[in-house]
Amino acid sequence: MSRTKSQLAFARAKTLMPGGVNSPARAFGAVGGDPIFIDRAQGAYLYDLDGNRYIDYIGSWGPMILGHGHPKVVEAVTRALHRGTSYGAPTEAESELAELVIEAVPSIEKVRLVNSGTEATMSAIRLARGYTGRDVIVKFAGNYHGHVDSLLVAAGSSAATLGAPNSPGVTCGTARDTLVLRYNDAAGLHAAFERHGQEIAGVILEPVVGNMGVVKPSEEFLSAARTLTRQYGALLIFDEVMTGFRVAYGGAQSLLGVTPDLTTLGKIIGGGLPVGAYGGPAAIMDHVLPAGKVFQAGTLSGNPLAVAAGIATLKVLRDENPYPRLHALAARLVGGLEQAARDADVACSVGWCESMLTLFFSSQPVTDWDTASRCDTKRYARYFWGLVERGVYMPCSQFEALFVSAAHTEADIDATIEAARQALAETAAA
């Protein structure tokens with residue numbers, strides 16, 4: 001499979017952008033080789049500059065739950081485009097999208113639109129600190145919440161030690177206000193609150209993790225997070241940028257039966273265009289300016305094109321309910337990948353929640369970053385390129401989720417399983 005045009009495009013891009021990309025995950029650093037440059041997409045497929053077609057399981061890292069170029073989304077964006085691309089003023093469409101979110105997500109009474117998931121988590125954390133009058137935020141290793149300074153933090157020397165920066169440009173002062181714990185470790189969370197409870201403004205977590213691969217929470221862990229935050233007067237923040245409207249119309253919280261104080265959203269609520277949001281009870285959200293004193297603003301927030309795409313996407317999800325079919329397709333893929341790994345005698349386990357999943361090159365279930373980090377990433381890289389050569393586009397990192405869309409067919413799933421069978425056999429022989 002020739003990718004000469006992609007290679008030339010990457011050489012050009014490296015002279016113009018840091019590393020040749022506008023987001024580090026696109027650089028293929030975790031799998032080696034040059035990134036594939038995309039020319040167009042339609043339905044379940046990507047087409048690169050050289051004309052190669054790939055079955056797409058990235059879906060723009062989650063938002064394309066309906067597939068690329070869904071006619072109702074395209075029509076909505078086209079209508080909005082002809083009315084103007086940006087106003088910097090309120091529109092009724094913003095209220096319509098807000099109503100759809102509020103009706104769907106159990107914990108949200110009021111919502112504020114922003115431009116990205118990073119903005120949503122950054123704003124939710126500022127609100128938690130402003131609302132509680134406290135400084136410390138608890139996060140969990142392996143959970144990614146965007147490139148917010150206070151969340152780009154490595155774990156300290158013990159479960160109850162405040163963090164240190166893990167990126168140049170993040171100050172030690174900022175990092176000291178973040179406490180990094182182990183995901184699914186209820187005992188560690190209890191210990192942290194016993195030591196720092198009166199300082200903790202909030203706990204932020206992915207209710208189903210997608211950013212170290214797909215990892216589900218234990219009931220004990222979620223219960224501890226909800227109980228302890230209430231007991232100590234801190235806020236529980238669910239980062240549903242990835243899971244919101246993905247694992248269920250009401251997000252992961254509707255599946256798990258746990259109601260957070262604040263929820264962050266993104267990806268699907270923009271239908272593929274840049275949108276984020278954060279929301280919660282009116283009593284908390286009314287602390288945001290101009291209703292309250294916690295500052296947050298954005299010139300392009302509520303952009304009419306992005307809002308139109310989001311409204312159209314959520315209406316299709318609400319009215320057509322593709323979730324049972326998405327579950328069935330994902331289950332077919334999970335079963336096929338597991339069998340292919342067994343046939344190749346390759347140690348693998350699958351993390352799975354509805355239409356998002358990860359094939360971990362690990363002989364043990366992945367429950368936290370410690371177990372995820374022991375995966376065979378070199379074997380994953382060989383597997384990734386084996387799939388690319390067979391026309392399947394998977395995450396370019398072991399520690400990411402793949403996404404099934406409503407545009408995928410059973411034939412796509414079966415073709416993927418066969419490609420995986422061959423690629424896994426190659427990794428076993430290497």
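Everything here concerns the structure above.
Residues numbered from 1 in each chain as written. Predicted model: local features only at pLDDT ≥ 70, side-chain atom pairs only at ≥ 80, totals over all residues. Heavy atoms only, no water.

> Let's hear about the nonpolar core: which residues, and what values?
Membership of the largest hydrophobic core comes to 76 residues, with the highest contact counts inside it found for Tyr57, Val101, Phe245, Leu314, Leu317, Leu333 and Tyr383. Residue contacts for Val101: discarding those within four places in its chain leaves Ile108, Val111, Phe245, Leu265, Ile269 and Leu314. Val138, Tyr183, Val209 and Cys375 belong to the second largest nonpolar core, which has 31 residues in total. (Core = buried A, V, L, I, M, F, W, Y, C linked by side-chain atoms within 4.5 Å. Buried < 20%, exposed > 50% of the residue type's maximum accessible area, 1.4 Å probe, protein only. Contact = heavy atoms within 4.5 Å.)

> How would you sum up the pairing of strand E1 (residues 38–42)? Please name residues and give values.
As defined by bridge partners, E1 adjoins strand E2 (residues 45–48) across four bridges and the pair is classed as antiparallel. For Ile38, the partnering residue across the bridge sits in E2 and is Asp48. Here E1 folds back onto E2 in antiparallel fashion, the turn holding two residues, of which Gly43 has a positive phi close to 60°. (Pairing = 2+ DSSP bridges. Helix = DSSP H or I, 4+ residues; strand = E, 2+ residues; numbered from the N terminus.)

> Can you explain the sheet that holds strand E9 (residues 200–205)? Please cite residues and give values.
Spatially, the seven strands line up as an open sheet ordered E4-E12-E11-E10-E9-E5-E8, and their pairing is mixed. Of all strands in the sheet, those bounded by a partner on one side alone are strand E4 (110–114) and strand E8 (178–181). Adjacent strand axes in the sheet meet at a mean angle of 20° when their direction is disregarded. Across the sheet, helix H4 (residues 117–132) is in contact with E4, strand E5 (136–140), E9, strand E10 (235–239), strand E11 (262–266) and strand E12 (276–280); its angle to E11 comes to roughly 165°. (Axes fitted to C-alpha atoms, helices over the stretch in contact; angles between N-to-C directions.)

> Describe the sheet that holds E1, and please don't skip the residues or the numbers.
Within a sheet, each strand pairs with its neighbour through backbone hydrogen bonds, oriented either parallel or antiparallel. Strand order in this open sheet of four strands is E1-E2-E3-E15, and the pairing throughout is mixed. Across the chains shown, the open sheet's two edge strands, defined by having one partner strand only, are E1 and strand E15 (392–393). Alignment of E2 against strand E3 (residues 53–56), held across three bridges, turns out to be antiparallel. Among the inter-strand pairings, Tyr47 is bridged to a residue of E3, identified as Arg53.

> Could you give me a rundown of the packing of helix H6 (residues 186–196) against helix H7 (residues 219–232), with the residues and numbers involved?
Orientation of H6 relative to H7, taken along the N-to-C sense of each, is 15°, at an axis distance of 9 Å. Judged by the inter-axis angle, H6 sits roughly parallel to H7. Viewed along their axes, H6 and H7 form a crossing whose handedness is right-handed. Between H6, through Ala186, Leu189, His190, Phe193 and Glu194, and H7, the contact on the second element is made entirely by Glu220, Phe221, Ala224, Ala225, Leu228, Thr229 and Tyr232. Partitioning the contact of H6 with H7 into residue classes produces eight nonpolar, two polar and two charged. (Parallel < 35°, antiparallel > 145°, perpendicular 65-115°, else oblique. Left-handed = near helix turned anticlockwise from the far one by under 90°. Nonpolar A, V, L, I, M, F, W, Y, C, P; charged D, E, K, R; others polar.)

> Break down unusual backbone geometry for me, citing the residues and quoting the values.
Of note, the bond from Leu289 into Pro290 is cis; its omega dihedral lies within 30 degrees of zero at 10°. Checked against the element boundaries, Pro290 lands in the loop between helix H9 (282–285) and helix H10 (304–320). Phi is positive for Lys267, which is not a glycine, with a value near 50°. Its place among the elements puts Lys267 in the loop between E11 and E12. Taking relative accessible area as the criterion, Lys267 reaches 25% and is therefore assigned partly exposed. Although it is not a glycine, Asn321 adopts a positive phi angle of roughly 45°. Residue position: Asn321 is located in the loop between H10 and helix H11 (323–344). For Asn321, a relative accessible area of 44% gives the class partly exposed.

> If you had to explain the pattern of salt bridges to someone new, which residues and values would you point to?
What the rule picks out here adds up to 14 salt bridges. The closest approach of N and O atoms between Glu320 and Lys72, which form a salt bridge, is 3.2 Å. Remark: Lys72 occurs in helix H2 (residues 71–83) and Glu320 occurs in helix H10; sequence separation between them is 248 residues. On the accessibility criterion, Lys72 (44% relative accessible area) is partly exposed. (Salt bridge = Lys/Arg side-chain N within 4 Å of Asp/Glu carboxyl O.)

These values are about where atoms sit, not about what they do.
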